[in-house]
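# Structural description and commentary
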Amino acid sequence: MPNWVDEVEPMTFKGQIAVPYTWWVGDTGSRFLEAIRDQATFLGTRCPDCDTVYVPPRKNCGRCFTALDQWVEIARRGVVTAFTIVRANHPLQPVKSPFAYALIRLDGASVSILHLITKDLARLSIGVTVEAHFKEASQRTGHILDIDHFQII
Amino acid sequence: MPQRVAIVGTGQTDHKSHRPDVNQREMINEAVVRALEDCEMTIRDIDAIIIGNMDHFESINYVDTWSVEGSGGVMKPIMKITTGGTTGASVAIAAYYHVASGLFDKVLAIGWEKNSESDTTAAIVTCSDPVWDRFSYSGAIPSLASEASAYMEQYGATQHDAARVAVRDRKNAMNNPHAHLRKPVTIEDVMASPMLAYPVKLGDVCPRTDGACAVVLAADGIAQKVTPRPAWFVASAVRHTYTWFGDSTDYDQGLVSLKNASREAYQKAGIRNPADELDVAELYLPYTYAGLKYIEALDFCAPGHGPRFVADGHTEIDGKIPVNPSGGVISTNCIGATALLRVAEAAIQIMGKGGKRQVHGANLALATGFGGCFWSDVVLLCGDRP
Ligand SMILES: [Zn+2]
């Protein structure tokens, strides 16, 4: 049986579409980003029905389906609830390896926030206490990476 | 034997060109909360959720799982339906199937779009075949411009005839507090607007809107307890004709998918003279020329008589068959929500909740969806339990 690639060239067609997405953060998320940019502090929202404190803040509680308007200031310190250490480099990663992606439950929050641990990785374990280190005020733009990294204490 | 199904509640956002105050999930939540309030239910009453938006429009994959915080889908069955412009009607029809099947009694249908977050045309282009059609004849405008000029050639319709459709829909939008474009236009305004692709001008086409719509469906026995006047599903029909643009350039046949789908629905409902028997129609008319041509496919009038039928006022709110008392797609187009808004607005008419846009005594209502490559969905709702 003849092989089709001997008879016809296998063609491909290169896509050209790049869609420039720009997502509105919304008033609730914008308050959080403003607080880390301007005050280097964390804000969360508390659910009046189940007492869950969400960080980053939510506009409604997914479980109770209740609108959330109680704002709570949250500590810069918390504990690591889960992590993975990255040892390979890739252009899309925010920093050079080795570093850890970690879920961190800040004191006063009920849920964990996803961020980076870049130093003392040998000491990293679940339950270890960490503290947020912010970029210099002039470098902060209202982005989640205005928090430079979390430091193990 | 399927369960009988009715719409018992609707909710929609106040549609705008952009909504900086909410993210996508939060915007969905607004419509859901309003729909639940409308039928005095809570999210705990809902058995399952169907949700849809346009693929690639916001770069959100798995909208079903990703949106649960806003939709109320936490720990509930939830399914995504996306069929291009018809998405909203397909969402409504899938929700109808869910309840009709007897497996679910109370289902929430959601459609939404945040057009302000992406390039609408770039996203629409991804609907056409990447090798054969995408390089030129794709996006919304080119195929509609070809359809419109073919229609003008066939029947001698004019740009003025088309402009009347925009005048009607934009006038009706003045009565709808949720509509996006609430400013009337004249035939002269439409004629003077910039030409996009002959004969389609800016004043002929729908806007890009941020908005969401949610509809609650309930089974026979529950629906009557939830609301005094449910909007019962009488029939639904879906037709997808082709995907290669060149396979259906015989525009002279009219909008075949809509003709076909509406005939099936009319037959199921026993409708012989739709313009006389229907009380109101919420039609997915993405541009003005559709307001002439598609009402022929729906058999409101004979082929080629669309311009006369509209000019004679038969589609006005006090006419023989009022079309788009909500202001329609030309006034509001949050695409994944657009066809669901047609179904919701048809239900609102039957439930008598239309306020200033209410058609007096509306009992039998038609809603349509349009999208993809000239595809059509049709839903017939009635105040009488079928
Ligand atoms: Zn809660």
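For the structure itself, look to the data block above.
Every value quoted in this text rests on a predicted model; they were computed, and no experiment measured them. (Residues numbered from 1 in each chain as written. Chains lettered and ligands numbered in written order. Predicted model: local features only at pLDDT ≥ 70, side-chain atom pairs only at ≥ 80, totals over all residues. Heavy atoms only, no water.)

### Quick notes on the overall build of chain A
As a reminder of what qualifies: Starting at the N terminus, helices and strands are each numbered in turn, a helix being any DSSP run of H or I of at least four residues and a strand any DSSP run of E of at least two. Throughout, the radius of gyration refers to the C-alpha atoms, and the reference size of a globule is 2.2 Å times the residue count to the power 0.38. Per-residue accessibility, obtained with a 1.4 Å probe over protein chains only, is compared with the maximum for each type, and a residue is labelled buried under 20%, exposed over 50%, and partly exposed between these values. Should any heavy atoms of two residues lie within 4.5 Å, those residues are counted as being in contact.
For chain A, the count of helices and strands is two helices and eight strands. Each helix (α) and strand (β) of chain A, taken in turn from the N terminus, gives the series α-α-β-β-β-β-β-β-β-β. For 153 residues, the compact-globule estimate of 2.2 N^0.38 gives 15 Å, and the C-alpha radius of gyration of chain A, at 21 Å, exceeds that figure by more than 25%. Looking at chain A residue by residue over its 153 residues, the buried ones come to 37%. Counted over contacts in chain A with a minimum sequence separation of 6, partners at least 24 positions apart contribute 51%.

### Topic: the layout of surface pockets
As a reminder, the rule being used: Points on a 1 Å grid, built from protein atoms alone, make a cavity when a 1.4 Å probe fits but cannot get out and make a pocket when they are open with protein on both sides within 12 Å along at least 5 of 7 lines; residues with an atom within 4 Å of a point are the lining residues. Grid points are joined across faces, edges and corners, and a volume is the space filled by probe spheres set on the points. In this classification, the charged set is Asp, Glu, Lys and Arg, the nonpolar set is Ala, Val, Leu, Ile, Met, Phe, Trp, Tyr, Cys and Pro, and all remaining amino acids, among them Gly, are polar. Those domain boundaries reflect an automatic or database domain assignment.
Space inside the largest pocket adds up to approximately 1,100 Å³. Along its surface, the largest pocket is lined by 48 residues, and B:Thr120, B:Ile124, B:Gly139, B:Ala140 and B:Ile335 are the ones closest to its centre. Among the elements of the structure, helix 5 (120–125), helix 6 (141–155), helix 8 (187–192) and strand 10 (364–371) of chain B are those that each provide at least two residues to the lining of the largest pocket. For the lining of the largest pocket, the leading source of residues is helix 5 of chain B, giving four residues. Looking at the lining of the largest pocket residue by residue, the class counts come to 26 nonpolar, 17 polar and five charged. When residues of the lining of the largest pocket are sorted by domain, at least three fall in each of domain 1 (5–119 + 209–226) and domain 2 (121–207 + 233–382) of chain B. One number sums up the size of the second largest pocket: a volume of about 790 Å³. Lining of the second largest pocket is provided by 24 residues; of these, A:Val25, A:Gly29, A:Pro56, B:Asn23 and B:Arg25 occupy positions nearest its centre. For the lining of the second largest pocket, the residue count by class is 12 nonpolar, six polar and six charged.

### Points about the nonpolar core
Residues and elements named next belong to chain B. Rules: Only buried residues count toward a nonpolar core, which is a set of Ala, Val, Leu, Ile, Met, Phe, Trp, Tyr and Cys residues joined through side-chain atoms within 4.5 Å.
Counting residues in each nonpolar core, the largest one holds 65 residues, and the members touching the most others are Leu278, Leu283, Tyr287, Tyr294, Phe300 and Leu366. Ranked by the residues each element gives to this core, the list is headed by helix 6, at six residues. The residues that make up this core include at least three from each of domain 1 (5–119 + 209–226) and domain 2 (121–207 + 233–382). For Leu366, the residues in contact, after removing those within four places along its chain, are Tyr266, Leu278, Val280, Ala281, Glu282, Leu283, Leu298, Phe300, Ala346, Val378, Val379 and Leu380. Counting 39 residues, the second-largest nonpolar core is a separate cluster that includes Val5, Phe233, Cys334 and Ile350.

### Re the coordination of the zinc ion
Residue and element names in this part refer to chain A. Test applied: Atoms are scored as donors when they are N, O or S and lie within 2.8 Å of the metal, with 3.2 Å used for Na, K and Ca; no water is included, so coordination may look incomplete. Key to geometry: four donors with every angle between 85 and 135 degrees are tetrahedral; four donors are square planar and six octahedral where opposite donors lie over 155 degrees apart and all remaining angles lie between 65 and 115; all other sites are irregular.
For the zinc ion, every protein donor is listed as Cys47 (SG), Cys50 (SG), Cys61 (SG) and Cys64 (SG), and the spread of their distances is 2.3 to 2.4 Å. Around the zinc ion sit four donor atoms; with metal-centred angles ranging over 101 to 115°, the donor geometry is tetrahedral. Donor residues for the zinc ion, ordered by position in the chain, follow C-x2-C-x10-C-x2-C. Here Cys47, found in the loop between strand 1 (42–46) and strand 2 (53–54), pairs with Cys64, found in the loop between strand 2 and strand 3 (70–74); they are 17 residues apart in sequence, far enough to count as distant. With respect to class, Cys47 is no different from Cys64; both count as buried.

### Re the sheet that holds strand 2 (residues 48–52) of chain B
Hydrogen bonding along the main chain pairs the strands of a sheet, whether they run parallel or antiparallel. Residue and element names in this part refer to chain B. Note the following rule: Any two strands with at least two DSSP-identified bridges between them are counted as paired. Axes here mean lines fitted to C-alpha atoms, for a helix over just the part in contact, with angles spanning 0 to 180 degrees between N-to-C directions.
What the nine strands build is an open sheet, ordered 3-2-4-7-1-8-11-10-9; its pairing is mixed. The sheet terminates laterally at strand 3 (78–80) and strand 9 (280–282), the two strands that pair on one side only. Here the average twist between neighbouring strands, direction ignored, is 25°. Across eight bridges, strand 10 lies against strand 11 (residues 375–382) in antiparallel orientation. Note that in strand 11 the partner of Leu366 across the bridge is Leu380. The strands touched by helix 1 (residues 24–38) within the sheet are strand 1 (5–12), strand 2, strand 4 (106–114) and strand 7 (210–219), with strand 7 carrying the most contacts at an inclination of about 40°.

### Considerations on the interface of chain A and chain B
The cut-off we apply is this: Two parts lose some accessible area (1.4 Å probe) when they are put together, and adding that loss for both gives the buried area. For this analysis, a salt bridge means a side-chain nitrogen from Lys or Arg found within 4 Å of a carboxyl oxygen belonging to Asp or Glu. Nitrogen and oxygen atoms within 3.5 Å of one another constitute a polar contact, given that in protein one can donate a hydrogen and the other can accept it, and given that sequence-neighbouring residues count only through two side-chain atoms.
Tallying the contact residues gives 19 residues for chain A and 35 residues for chain B. It is A:Tyr21, A:Trp24 and A:Phe65 in chain A that bury the most area against chain B; as a group they hold 35% of the surface buried on that side. Counting every contact that joins chain A to chain B gives one salt bridge. Residues B:Glu69 and A:Arg58 are paired through a salt bridge, measuring 3.1 Å at the closest nitrogen-oxygen approach. For the pair chain A and chain B, the number of links is eight residue pairs in polar contact (both at pLDDT 80 or more). The class makeup of the residues in the side of chain A that touches chain B is 10 nonpolar, five polar and four charged.

### A few points about the environment of B:Leu196
All names here are of chain B. Relative to the helices and strands, Leu196 resides in strand 5 (residues 195–197). Separated by 67 residues in the primary sequence, Leu196 and Arg263 have C-alpha atoms spaced 34 Å apart. Apart from residues no more than four positions distant in its own chain, Leu196 is found in contact with Ile141, Lys201, Leu202 and Val205.

### Notes on the pattern of salt bridges
All names here are of chain B. Counted according to the given criterion, the structure contains 25 salt bridges over all chains. With its nearest N and O atoms 3.0 Å apart, the salt bridge here joins Glu282 to Arg342. Placement of Glu282 in strand 9 and of Arg342 in helix 15 (residues 335–351) is noted, with a sequence separation of 60 residues between them. Look at the salt bridges and you will find they share partners, linking Arg4, Asp220 and Arg385 into a network.

### Examining the pairing of strand 10 of chain B
Residues and elements named next belong to chain B. Burial runs high along strand 10: eight of the eight residues are buried. Relative to strand 10, strand 9 runs parallel, the two sharing three bridges. Residue Val280 lies in a different strand from strand 10, and its bridge partner there is Ala365.

### Considering the sheet that holds strand 2 of chain A
Residue and element names in this part refer to chain A. With antiparallel pairing, the three strands of this open sheet are ordered in space as 2-1-3. The two strands at the open ends of the sheet, each matched to only one other strand, are strand 2 and strand 3. In the sheet, strand 1 pairs with strand 3 via five bridges, with the strands oriented antiparallel. Across the sheet, residue Arg46 finds its bridge partner in strand 3, namely Gln70. Sitting on the sheet, helix 2 (residues 26–38) is in contact with strand 1 and strand 3, with an inclination near 150° to strand 1.

Treat this as a map of the structure, not an account of what it does.
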